[in-house]
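Coordinates in review
Now for the letters of each chain:
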Amino acid sequence: MFARAATSTLRQTARRQSTTAIASRGISTSSKQSARNLLASRFVMAATAAAAVTLGFTMYKHEKSPVLADSAIPLHGVPGTSKERTFIAVKPDGVQRGLVSDIIGRFEKRGYKLVGLKLLVPSKALANEHYADLSSKPFFKGLVDYMTNGKAPVVGMVWEGPSVIKQGRVMLGATDPKAAGPGTIRGDYCLSIGRNICHGSDSAESAEKEIGLWFGGKGEVVDWTSNNEEWVVSDN
Ligand SMILES: Nc1ncnc2c1ncn2[C@@H]1O[C@H](COP(=O)(O)OP(=O)(O)OP(=O)(O)O)[C@@H](O)[C@H]1O
């Protein structure tokens with residue numbers, strides 16, 4: 001709109017100037033021709049100015065845009081590269097026990113990049129789909145109830161970095177906390193398999209499915225550049 005207004009103003013000025021030129025020189029054929037030439041050259045100048053204004057305005061808008069979301073890479077990242085992504089969740093027991101910041105802090109301190117974060121009480125449909133492969137297990141109903149009953153929400157996250165799917169699982173520790181080593185999240189904070197406070201995708205296929213399930217609205221996963229990247233990810 002801004003560019004269109006600028007073009008129109010410049011065009012009107014060019015027309016006014018050429019009209020003045022015609023009037024002052026008398027209306028002969030040659031002066032009509034030169035007026036036409038003048039008009040054409042002014043029009044080219046106006047068009048160039050309008051294009052420059054449009055480009056400048058577009059660059060300004062881009063510079064001010066706060067979110068660069070998923071433009072270049074898929075939502076679920078690129079497995080096997082530094083753009084690999086995984087879905088990590090703090091389950092209701094982890095939220096209730098105030099362990100969200102510790103879990104986020106471990107991934108941040110390791111050097112992984114947070115590219116998606118949300119707090120929600122998942123619907124039954126979402127929890128059923130998330131745990132679809134366990135639907136025949138005797139604990140399935142209790143698991144879905146505990147995830148969805150709203151006594152505490154779930155924190156869903158997408159983390160990005162080299163080998164983040166495998167290393168995310170290592171950082172979480174064994175599913176059954178009784179088998180989880182010290183230094184892992186479950187080994188440090190949990191005692192029981194039904195209250196193991198966190199979830200992490202177990203493969204690239206699961207990460208793709210889960211990120212798509214929990215995230216996916218426009219701009220919910222943000223592709224951003226960390227200033228630390230060269231200090232964290234390099235083979236020199
Ligand atoms: N025997 C069990 N009794 C009760 N709950 C269980 C049992 N086995 C698994 N669960 C619950 O189901 C979740 C999913 O189990 P799964 O076998 O997929 O392990 P996981 O992939 O390590 O866990 P998660 O998917 O939560 O990361 C477990 O995290 C746990 O909360």
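Residues numbered from 1 in each chain as written. Predicted model: local features only at pLDDT ≥ 70, side-chain atom pairs only at ≥ 80, totals over all residues. Heavy atoms only, no water.

**Here we look at the site of the ligand**
The environment of the ligand is made up of 13 residues, and the closest members are Lys-91, Arg-169, Thr-175, Asn-196 and His-199. The contact in question runs from an oxygen atom of the ligand to an N or O atom on the side chain of Tyr-131, over 3.4 Å. Arg-169 is positioned with one of its side-chain polar atoms (N or O) 3.0 Å from an oxygen atom of the ligand. For the ligand, whose accessible area on its own is 580 Å², the fraction buried by protein is 77%. At 3 residues, the largest contribution of residues to the shell around the ligand is made by strand S4 (residues 198-200). Partitioning the shell around the ligand into residue classes produces 6 nonpolar, 4 polar and 3 charged. (Near = heavy atom within 4 Å. Polar contact = N/O pair within 3.5 Å; in protein donor to acceptor, adjacent residues only side chain to side chain. Areas by Shrake-Rupley, 256 points an atom, 1.4 Å probe, with all protein chains shown as cover. Helix = DSSP H or I, 4+ residues; strand = E, 2+ residues; numbered from the N terminus. Nonpolar A, V, L, I, M, F, W, Y, C, P; charged D, E, K, R; others polar.)

**Details of the confidence of the model for the protein**
Mean pLDDT over the protein stands at 83; residues scoring 70 or higher make up 72%. The low-confidence segment residues 55-70, where pLDDT is below 50, has 13 contacts with residues more than four positions distant or belonging to other chains. (pLDDT = per-residue confidence, 0-100. Contact = heavy atoms within 4.5 Å.)

**Quick word on the packing of aromatic side chains**
To describe a pair of aromatic rings, you give the distance between the ring centres and the angle between the ring planes. Considering all chains together, one arrives at 4 aromatic pairs under this definition. Arranged with centres 5.0 Å apart and planes meeting at 25 degrees, the rings of Phe-87 and Trp-214 form a pair that is stacked. Taken as a pair, Phe-87 in strand S1 (residues 85-90) and Trp-214 in helix H9 (residues 204-214) lie far apart in primary sequence, 127 residues in all. Consider the rings of Phe-107 and Tyr-112, whose centres lie 6.4 Å apart with planes at 45 degrees: the pair is tilted. When the ring centre of Phe-215 is taken as origin, the NZ or CZ atom of Lys-118, which lies over that ring, is 4.9 Å away. Taking the ring centre of Tyr-146 as reference, the NZ or CZ of Arg-195 above it sits at 4.4 Å. (Phe/Tyr/Trp six-rings, centres within 6.5 Å; stacked < 30°, edge-to-face > 60°. Lys NZ or Arg CZ within 6 Å of the ring centre and 35° of its normal.)

**A closer look at the environment of Ser-135**
Here Ser-135 is to be found in the loop between helix H5 (124-130) and helix H6 (140-148). Since its relative accessible area comes to 46%, Ser-135 is described here as partly exposed. Reaching out from Ser-135, the side chain makes a polar contact with the backbone oxygen of Ala-132 at a distance of 3.1 Å. (Buried < 20%, exposed > 50% of the residue type's maximum accessible area, 1.4 Å probe, protein only.)

**Thoughts on the UniProt feature "active site" (unreviewed entry) in the protein**
When the UniProt feature table is mapped onto this chain, "active site" (unreviewed entry) is found at His-199. The residues contacting His-199, other than those within four sequence positions of it, are Phe-87, Ile-88, Ala-89, Lys-91, His-130, Tyr-131, Leu-172, Arg-186 and Glu-210. (UniProt positions renumbered as here; feature names shortened; annotations may be inferred.)

**Overview of the packing of helix H4 (residues 100-110) against helix H7 (residues 164-172)**
Packing of H4 against H7 leaves a shortest axis separation of 12 Å and a crossing angle of 135 degrees. Classified by the angle between their axes, H4 and H7 sit oblique to one another. Between H4 and H7 the crossing geometry is right-handed. Counted together, Arg-106, Phe-107 and Arg-110 of H4 and Gln-167, Gly-168, Met-171 and Leu-172 of H7 form the full contact between these two elements. Among the residues making up the contact of H4 with H7, the classes are represented as 3 nonpolar, 2 polar and 2 charged. (Axes fitted to C-alpha atoms, helices over the stretch in contact; angles between N-to-C directions. Parallel < 35°, antiparallel > 145°, perpendicular 65-115°, else oblique. Left-handed = near helix turned anticlockwise from the far one by under 90°.)

**Here we look at the state of the cysteines**
Across all of its chains, the model carries 0 disulfides by this definition. Considering cysteine sulfurs only, Cys-190 is the nearest to Cys-198, which forms no disulfide, with 6.0 Å between them. According to the relative accessible area criterion, Cys-198 is buried, its value standing at 0%. (Disulfide = S-S within 2.5 Å.)

**Brief notes about the pattern of salt bridges**
With the rule as written, the count across this model stands at 12 salt bridges. One salt bridge in this structure joins Glu-160 and Lys-83, with 3.5 Å as the shortest N-O distance. In this pair, Glu-160 is assigned in strand S3 (residues 154-160) and Lys-83 in the loop between helix H2 (29-64) and S1, connecting sequence segments 77 residues apart. Lys-124 serves as the salt-bridge partner of Asp-145, at 2.7 Å between the closest nitrogen and oxygen. With Asp-145 in helix H6 and Lys-124 in helix H5, this pair connects stretches of sequence that are 21 residues apart. Using a relative accessible area of 44% as the deciding quantity, one classes Lys-124 as partly exposed. Residues participating in the shared-partner salt-bridge network are Lys-83, Arg-85, Lys-113, Glu-160, Asp-223 and Glu-229. (Salt bridge = Lys/Arg side-chain N within 4 Å of Asp/Glu carboxyl O.)

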